[in-house]
Amino acid sequence: MLRRIYISLMCSLGVGINIDHDGVYPAFMLSRYEPYKFMFRGKEFLSIISLLQGLKYRDVEEQNRVFEKVGINPEAKRARSNWQESQTLYWQGQPMGRHSREYKDFINEAYTALAANKDFREALLATGRKWLYNSYAPVDPHRTVLTAKEQCRALMRLRKKLKG
């Protein structure tokens, strides 16, 4: 509750943007649910959320099926219990610890690949120098593959890189 009040205050003061799929431009364009076509490690994705949800699957065929979807996938939401126990996510059968440096680098690489999409890149750059927040995404890294803080840090890091 306090977190949402703080974010609301920062946004009303004009120093922050709350990434929200129901918000105004450019906020909604940075939502993890926004459909964007992009290539990552030789695979085509239709949204960043399908990549994130697919990471819950150890089986490569199941993972690839999730990767082909757009938006939220109820199957992947149910798969959560398996990965949550071990805190292990998978890329094409290869395990990654959820809290590892490898996984943080993986997320940054995925967002860099997403930035090849012109619409996404323009929306990110349109945020200027404002702090990015996500009051809707989960905050516990043991219960989600990407917390609000992790997402916003990755976006702000990428924005800085794109600005040169």
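On a predicted model such as this, the values are computed, not experimentally measured, just so you know.

Conventions adopted
- Residues numbered from 1 in each chain as written.
- Predicted model: local features only at pLDDT ≥ 70, side-chain atom pairs only at ≥ 80, totals over all residues.
- Heavy atoms only, no water.
- Axes fitted to C-alpha atoms, helices over the stretch in contact; angles between N-to-C directions.
- Helix = DSSP H or I, 4+ residues; strand = E, 2+ residues; numbered from the N terminus.
- Parallel < 35°, antiparallel > 145°, perpendicular 65-115°, else oblique.
- Contact = heavy atoms within 4.5 Å.
- pLDDT = per-residue confidence, 0-100.
- Salt bridge = Lys/Arg side-chain N within 4 Å of Asp/Glu carboxyl O.
- Buried < 20%, exposed > 50% of the residue type's maximum accessible area, 1.4 Å probe, protein only.

### Quick notes on the packing of helix H7 (residues 118-125) against helix H8 (residues 148-163)
And then number 1: Put simply, H7 and H8 touch, their axes get as near as 10 Å, and they point 95 degrees apart. The angle between H7 and H8 falls in the class roughly perpendicular. Contacts between H7 and H8 pair Phe120, Arg121, Leu124 and Leu125 from the former with Leu155, Leu158, Arg159, Leu162 and Lys163 from the latter.

### Overview of the confidence of the model for the protein chain
And then number 1: A residue-level look at the protein chain finds 93% of positions with pLDDT of 70 or above and a mean pLDDT of 91.
And then number 2: Of all secondary-structure elements in the protein chain, the lowest mean pLDDT belongs to helix H4 (residues 74-78), at 56, while helix H6 (residues 101-114) reaches the highest, 98.

### Thoughts on the pattern of salt bridges
And then number 1: Across all of its chains, the model carries four salt bridges by this definition.
And then number 2: Across the pair Glu150 and Arg98 runs a salt bridge whose closest N-O atoms are separated by 2.6 Å. Note that Glu150 is positioned in helix H8 and Arg98 in the loop between strand E5 (94-97) and H6, a separation of 52 residues in sequence.
And then number 3: Given the relative accessible area of 1%, Arg98 is considered buried.

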